[in-house]
Amino acid sequence: MKKIDMLIHLSGTSRRLLPFASLLILIIAGLLGCLSIYSARAFSEAPLYFALKQLVWLGAGLIVFTGVSLVPFSFYKKAAPWLYALFLLSLVLVLFFGVEINNMRGWFRLWGSLSIQPSEFAKVIFLLYLSVFAAEGRELKTGRILFMFGVTFLSMLLLMLEPDFGGALIFFVAFVTVLTVCGARTSCLLAAFLFLLTCAVIFVSVNDYAMLRILGYLAPDGGYGVNAWHIKQFQYTMAHGGWTGSAWGNALWSSAFLPLPHTDSLFASIVESAGFIGGVIVIGGFFAMGAGFTAMSWKVKDNAGQIFVFAAGVMYLAQALIHISVNSVLLPPTGVTLPVLSYGGSSLLSIMFAFGIAFSAAREE
């Protein structure tokens, strides 16, 4: 009986230390992402190139998730200011020493074709830092809110200089979520959205391509070149999928005409392969993820951990909905990828990093 009790105790301990069910879900979601990427590039010269690279990143990401989730959340709380300062420095350095990809200087070239996008990791650390800072006081007083505004503005400014307004928008979502969770007054939230509107106006006035994207979205038949072309391809691609799709690996329109079908336009490519029904399932999956993080946050006793877990779920759900809205022609193109599913090593590793911290906060000590 003692041996049986010991085995039961060890089994329970391992479940607390290693979130096996969550690992399985992430593996399945990651493999579906690899399949989606392959289908989006099936008619290209190297259809497996991006899918196989994503598979490697998935393996690395699962290791990151497991390792990060095993570290006590107290460590991340103490390290949050230093980590934020480090990644803030990386956002400054990338403006001077980064490489330009798709007209955006946001990557460090490491070796050969291997590069890293610091903003993907910076948004996780930004959310962690805001969560820890907001949880330090019993209530958000004016001085603390102004400090959070300043931190958010600085972070968003550095991204908009790349220029990357889509990434800056995700930072803003994290900021507003933390404010809301901490019970900020309605006037503060209204000021936050006025702040976002001001940033958007300035960004569009400084970057001509952003204005062209908006004009191409508002008037796709108005002759705005590639911007209007992208809007049309979203519509044609999703219409080609119909109700049940054209089958995986047979997404002809995505491969032939849709710009960036494996990253910024992945949802439209998924709908072409899996149809309207497949698109609804993907949307439902992201809402389930958000609900799962919400439920997990209720079990977290640490205030900072509770804020981080809930806000992480909201942040990635919002990112998914922005991507889906752009692909469904409900919003102008923003360059926001689909979490977990879109191609990108930095994006996938940073998501696994964020999920690992969330499970660290939720893990029973």
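In case you missed it, the structure is sitting above this.
Fair warning: this is a prediction, and the values are worked out from it, not measured in the lab.

Caption draft 1: Local environment of the overall build of the protein chain. Across its full length, the protein chain holds 14 helices and 3 strands. Taking 365 residues into account, the globule formula puts the C-alpha radius of gyration at 21 Å, and the protein chain, at 21 Å, falls close to it. Within the span of the protein chain, comprising 365 residues, buried residues form 51% of the whole. Relative to all contacts within the protein chain whose residues are 6 or more apart in sequence, the contacts with residues 24 or more apart total 70%. Separation of charge centres in the protein chain, based on 20 positive and 15 negative side chains, amounts to 11 Å.

Caption draft 2: Up close: the packing of helix H6 (residues 142-160) against helix H7 (residues 165-181). In contact at an axis separation of 8 Å, H6 and H7 are set at 165° when each is read in the N-to-C sense. Comparing the axis directions of H6 and H7 gives the class roughly antiparallel. Crossing angle aside, the handedness with which H6 passes H7 is right-handed. In this structure, H6 uses Ile145, Met148, Phe149, Thr152, Ser155, Met156, Leu159 and Met160 to contact H7, whose residues at the interface are Phe165, Gly167, Ala168, Phe171, Phe172, Phe175, Val178 and Leu179. Residue composition of the contact of H6 with H7, grouped by class: 13 nonpolar, 3 polar and no charged.

Caption draft 3: Representation of the environment of Ser328 within the structure. Examined against the element boundaries, Ser328 turns out to sit in the loop between helix H13 (303-327) and helix H14 (345-362). A C-alpha to C-alpha distance of 36 Å links Ser328 and Leu83, two positions 245 residues apart in sequence. Ignoring sequence-local partners within four residues, the contact set of Ser328 consists of Met238 and Phe267. At 2.8 Å, the side chain of Ser328 and the backbone oxygen of Ile324 are in polar contact.

Caption draft 4: Geometry of the packing of aromatic side chains. Summed over the entire model, instances satisfying the criterion amount to 22 aromatic pairs. Ring centres 4.9 Å apart and planes at 70° place the aromatic pair Phe149 and Phe175 in the edge-to-face group. One end of the pair, Phe149, is in helix H6; the other, Phe175, is in helix H7, with 26 residues separating them in the sequence. The class of Phe149 is buried, set by a relative accessible area of 16%. With a centroid separation of 6.0 Å and 85° between ring planes, the pair formed by Phe149 and Phe195 is classed as edge-to-face. Note that Phe149 is positioned in helix H6 and Phe195 in helix H8 (residues 186-206), a separation of 46 residues in sequence. Clustering of aromatic rings is evident, with ring pairs tying together Tyr84, Phe126, Tyr129, Phe133, Phe147 and Phe171. Sitting above the plane of the Phe133 ring, Arg144 keeps its charged end 4.3 Å from the centroid.

Caption draft 5: Here's a closer look at helix H10 (residues 226-241). For H10, which comprises 16 residues, the first-to-last C-alpha distance of 23 Å matches the rise-based estimate of 22 Å (1.5 Å per residue) to within 8%. Listed in full, the buried residues belonging to H10 are Asn227, Ala228, His230, Ile231, Lys232, Gln233, Phe234, Thr237, Met238 and Gly241. Check the buried side of H10 and you find it contacts helix H9 (208-218), helix H11 (252-256), helix H12 (266-298) and H13.

Caption draft 6: Molecular detail of the pairing of strand S2 (residues 104-111). Pairing geometry for strand S1 (residues 99-101) and S2, over 3 bridges, is antiparallel. In the sheet register, Ile101 faces S2, and the bridge partner there is Met104. Once S1 ends, the chain turns through 2 residues before running back antiparallel as S2, passing Asn102 with a positive phi of about 55°. If you look at the hairpin formed by S2 and strand S3 (residues 114-116), you'll find 2 residues sitting between the two strands, and Gly112 has a positive phi there, around 60°.

Caption draft 7: Quick peek at the nonpolar core. Met148, Phe175, Leu338, Phe355 and Ile357 are the most contacted members of the largest nonpolar core, which totals 100 residues. For this core, the element with the most residues is H13, which contributes 13 residues. Ignoring sequence-local partners within four residues, the contact set of Leu338 consists of Leu266, Phe267, Ile270, Val282, Phe286, Ala320, His323 and Ile324.

Caption draft 8: Summary view of the environment of Thr142. Tracing the chain through its elements places Thr142 in helix H6. When the C-alpha positions of Thr142 and Trp253 are compared, they lie 52 Å apart, and in sequence the two are 111 residues distant.

Caption draft 9: Region of interest: the pattern of salt bridges. Per the counting criterion, the structure on display carries 3 salt bridges. A salt bridge links Glu120 to Lys123; the nearest nitrogen and oxygen atoms lie 3.1 Å apart. With Glu120 and Lys123 both in helix H5 (residues 118-136) and 3 residues apart, this pair spans about one turn of that helix. Take Glu120 and Lys123: they sit in the same class, and that class is buried.

Caption draft 10: Spotlight on the sheet that holds S3. What the 3 strands build is an open sheet, ordered S1-S2-S3; its pairing is antiparallel. With partners counted over all chains shown, the strands left at the sheet margins are S1 and S3, one partner each. Neighbouring strand axes in the sheet, compared pairwise and without regard to direction, differ in orientation by 55° on average. Both S2 and S3 contribute to a ladder of 3 bridges, which runs antiparallel. Among the inter-strand pairings, Arg109 is bridged to a residue of S3, identified as Ser115.

Caption draft 11: Focus on the packing of H12 against H13. In the contact formed by H12 and H13, the axes pass within 9 Å of each other and the chain directions differ by 165°. In this view, H12 runs roughly antiparallel relative to H13, as classed from their interaxial angle. The hand of the H12/H13 crossing is left-handed. Across the contact of H12 with H13, the residue classes tally to 18 nonpolar, 7 polar and no charged.

Here is what the cut-offs are and how they apply
- Residues numbered from 1 in each chain as written.
- Predicted model: local features only at pLDDT ≥ 70, side-chain atom pairs only at ≥ 80, totals over all residues.
- Heavy atoms only, no water.
- Helix = DSSP H or I, 4+ residues; strand = E, 2+ residues; numbered from the N terminus.
- Rg over C-alpha atoms; globule rule 2.2 N^0.38 Å.
- Buried < 20%, exposed > 50% of the residue type's maximum accessible area, 1.4 Å probe, protein only.
- Contact = heavy atoms within 4.5 Å.
- Lys, Arg positive; Asp, Glu negative; His and termini not counted.
- Charge placed at Lys NZ, Arg CZ, Asp CG, Glu CD.
- Axes fitted to C-alpha atoms, helices over the stretch in contact; angles between N-to-C directions.
- Parallel < 35°, antiparallel > 145°, perpendicular 65-115°, else oblique.
- Left-handed = near helix turned anticlockwise from the far one by under 90°.
- Nonpolar A, V, L, I, M, F, W, Y, C, P; charged D, E, K, R; others polar.
- Polar contact = N/O pair within 3.5 Å; in protein donor to acceptor, adjacent residues only side chain to side chain.
- Phe/Tyr/Trp six-rings, centres within 6.5 Å; stacked < 30°, edge-to-face > 60°.
- Lys NZ or Arg CZ within 6 Å of the ring centre and 35° of its normal.
- Expected span 1.5 Å × (residues − 1).
- Pairing = 2+ DSSP bridges.
- Core = buried A, V, L, I, M, F, W, Y, C linked by side-chain atoms within 4.5 Å.
- Salt bridge = Lys/Arg side-chain N within 4 Å of Asp/Glu carboxyl O.

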